[in-house]
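Working through the structure, step by step
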Amino acid sequence: MEPTPDQLQLANMALGLAGEAGEVADAIKKHVFHGHDLDMMAVGKELGDLILYIAAICTILDLSLGGVMQANIEKLRRRYPDGFSVAASVNRVE
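What comes next concerns the included structure. These numbers were taken from a predicted model, which means no experiment stands behind them. (Residues numbered from 1 in each chain as written. Predicted model: local features only at pLDDT ≥ 70, side-chain atom pairs only at ≥ 80, totals over all residues. Heavy atoms only, no water.)

Even without a glycine there, the phi angle at aspartate 62 is positive, about 60 degrees. What makes aspartate 62 exposed here is its relative accessible area of 70%. (Buried < 20%, exposed > 50% of the residue type's maximum accessible area, 1.4 Å probe, protein only.)

Here you go:
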């Protein structure tokens, strides 16, 4: 079955999101474990790219970026009503 143009666009955005997340993770890994300086400007640019890909995926899927963010906040408030802690994370019930 041939992917539709929307499916191809969605795949392109998802792969871009993964690639940019990898770049952020790699910069932080090199800072923490390899002793490199953390280039805040470069990380900020990569985070901007992540936001772009997330917004594009929301658009393709007809989701509101604000709605996605609000749903996540509500999920975390239910999961950690007293704020995050290691104990609450280990003992959480879903």
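On we go from here.
Now for the pattern of salt bridges. Inspection of the entire model under this criterion finds two salt bridges. Across the pair lysine 29 and aspartate 26 runs a salt bridge whose closest N-O atoms are separated by 3.1 Å. Residue lysine 29 and its partner aspartate 26 are located together in helix α1 (residues 5–34), separated by three residues, close to a single helical turn. Because the salt bridges share partners, they merge into one network encompassing Asp26, Lys29 and Lys30. (Salt bridge = Lys/Arg side-chain N within 4 Å of Asp/Glu carboxyl O. Helix = DSSP H or I, 4+ residues; strand = E, 2+ residues; numbered from the N terminus.)

With that settled, consider the packing of aromatic side chains. For the coordinates displayed, the defined rule picks out one aromatic pair. Ring geometry for tyrosine 80 versus phenylalanine 84: centroids 5.2 Å apart, planes at 70 degrees, classification edge-to-face. (Phe/Tyr/Trp six-rings, centres within 6.5 Å; stacked < 30°, edge-to-face > 60°.)

Okay, the environment of lysine 30 next. Assignment of secondary structure puts lysine 30 in helix α1. For lysine 30, a relative accessible area of 30% translates into the label partly exposed. Sequence separation between lysine 30 and alanine 55 is 25 residues, and the spatial gap between their C-alpha atoms is 28 Å. Leave out the neighbours within four places in its chain, and lysine 30 touches Gly35 and His36. (Contact = heavy atoms within 4.5 Å.)

Once that is clear, we can look at the packing of α1 against helix α2 (residues 40–60). Where α1 contacts α2, the two axes come as close as 9 Å, and the packing angle between them is 155 degrees. Considering the angle they form, α1 stands roughly antiparallel to α2. Classified by chirality, the crossing of α2 by α1 is left-handed. Class assignment of the residues belonging to the contact of α1 with α2 gives a composition of 15 nonpolar, three polar and five charged. (Axes fitted to C-alpha atoms, helices over the stretch in contact; angles between N-to-C directions. Parallel < 35°, antiparallel > 145°, perpendicular 65-115°, else oblique. Left-handed = near helix turned anticlockwise from the far one by under 90°. Nonpolar A, V, L, I, M, F, W, Y, C, P; charged D, E, K, R; others polar.)

Within the secondary structure layout, glutamate 46 lies in helix α2. No salt bridge is formed by the buried glutamate 46; its nearest oppositely charged neighbour, lysine 45, is found at 8.4 Å. Leaving out residues up to four positions away in the same chain, glutamate 46 has contacts with Glu20, Glu23 and Val24. (Lys, Arg positive; Asp, Glu negative; His and termini not counted.)

Take the side chain of glutamate 20 next. Note that glutamate 20 resides in helix α1. Notably, glutamate 20 is buried but unbridged: the nearest opposite-charge side chain belongs to lysine 45, and the N-O separation is 12 Å. Those residues within four positions of glutamate 20 in sequence are excluded, and the remaining contacts are Glu46, Asp49, Leu50 and Tyr53.

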